[in-house]
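Chains, contacts and geometry: an overview
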Amino acid sequence: MKMSTGVEWALHCCVSLGQALAPVPAARLAELHGVPTAYLAKHLQGLSRAGIVRSVPGPAGGYVLTRAAASITMLQVVEAVDGAEPAFRCTEIRQNGPLGLPAKSCRTRCAVMRAMTTADTAWRTALAAVTIADLAASIDEDSAGTALDELREWLNAGNR
């Protein structure tokens, strides 16, 4: 399965917004992550449409999370950016070719579709079990407890 780079960007932005004390402009988030502002803004709009972030207008405006980071899952962010469609789509190839089965023989899902559905369900379940707050804690753990403090300091310096 291949996800867009926007998923990575959106997840990092959600972690960052979870640490912010004030709205963060898209340009500031883009600067933080070293990515193009226009492309990031597109993904922030997707997060906004999904109700994960909201835009705050005005000179001190920007983006904020709509709820606590502990109530936003990785799956919600992935689906906001890349959509909720399953990665695999069965085209009933078993009905094609010289040994193709008649449609009436294909009333149940084939073994390939069943295996892919099981894998997709496991992947979605794993992503739904991890929140933005969990990611933030893991990022902080990976940095020996310095990453979130540095992030908060950097974000807040932009509000002065």
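The present account deals with the structure reproduced in this document. Values in this document were obtained by computation on a predicted structure and should not be read as measured data. (Residues numbered from 1 in each chain as written. Predicted model: local features only at pLDDT ≥ 70, side-chain atom pairs only at ≥ 80, totals over all residues. Heavy atoms only, no water.)

**Details of the environment of valine 81**
Under the convention used in this document: A run of DSSP states H or I qualifies as a helix once it reaches four residues; a run of E qualifies as a strand once it reaches two. Both are numbered from the N-terminal end. Relative accessible area decides the class of each residue, using a 1.4 Å probe on protein chains only: under 20% of the type maximum gives buried, over 50% gives exposed, and in between gives partly exposed. Only heavy atoms matter for contacts: two residues are in contact if any of them lie within 4.5 Å across the pair.
Within the element layout of this structure, valine 81 appears in helix H4 (residues 74–82). Residue class for valine 81 comes out buried when judged on its relative accessible area of 18%. Leave out the neighbours within four places in its chain, and valine 81 touches Ser4, Gly6, Val7, Ala10, His43 and Leu47.

**Let's talk about the side chain of threonine 131**
Tracing the backbone shows threonine 131 in the loop between helix H5 (111–128) and helix H6 (132–142). Threonine 131 sits in the buried class, given a relative accessible area of 12%. In this structure, threonine 131 is in contact with Ala69, Ala70, Ile72 and Thr73, ignoring residues within four places of it in sequence.

**Details of the packing of helix H1 (residues 5–19) against helix H7 (residues 147–157)**
Let me state the cut-off plainly: The axes are straight lines fitted to the C-alpha atoms, using for helices just the contacting stretch, and the angles between their N-to-C directions are given from 0 to 180°. Angles are sorted into four bins: roughly parallel if under 35 degrees, roughly antiparallel if over 145, roughly perpendicular if 65 to 115, and oblique for all others.
At a minimum axis separation of 9 Å, H1 and H7 run at an interaxial angle of 75°. In terms of orientation, H1 lies roughly perpendicular with respect to H7. Residues Val15, Ser16 and Gln19 of H1 lie in contact with H7, whose contacting residues are Leu148, Leu151, Arg152 and Leu155.

**Concerning H5**
Under the convention used in this document: Multiplying 1.5 Å by the residue count of a helix minus one yields the expected span of that helix. This arc corresponds to the set of directions leading from the helix axis out to the C-beta atoms.
Here H5 contains 18 residues, and its C-alpha end-to-end distance of 26 Å stays within 8% of the 26 Å for a straight helix at 1.5 Å per residue. Buried within H5 we find Met113, Asp120, Arg124 and Leu127. Taken end-on, H5 shows its buried residues confined to a sector of 60°, consistent with a single buried face. Seen from the open side of H5, the exposed residues pointing more than 90 degrees away from its buried face are Ala111, Thr118 and Thr125. Looking at the packing, one finds that the buried side of H5 touches H4.

**Quick look at the nonpolar core**
To keep things clear, this is the line we draw: Put simply, a nonpolar core is a bunch of buried Ala, Val, Leu, Ile, Met, Phe, Trp, Tyr and Cys residues held in one set by side-chain atoms that sit within 4.5 Å of each other.
If you look at the biggest cluster of nonpolar residues, it comprises 35 residues, and the most contacted ones within it are Leu40, Leu44, Leu47, Ile52, Val77 and Ile132. Counting only elements with at least two residues in this core, the list comes to H1, helix H2 (26–33), helix H3 (37–49), strand S2 (62–65), H4, H6 and H7. Top element by residues in this core is H1. It accounts for 8 residues.

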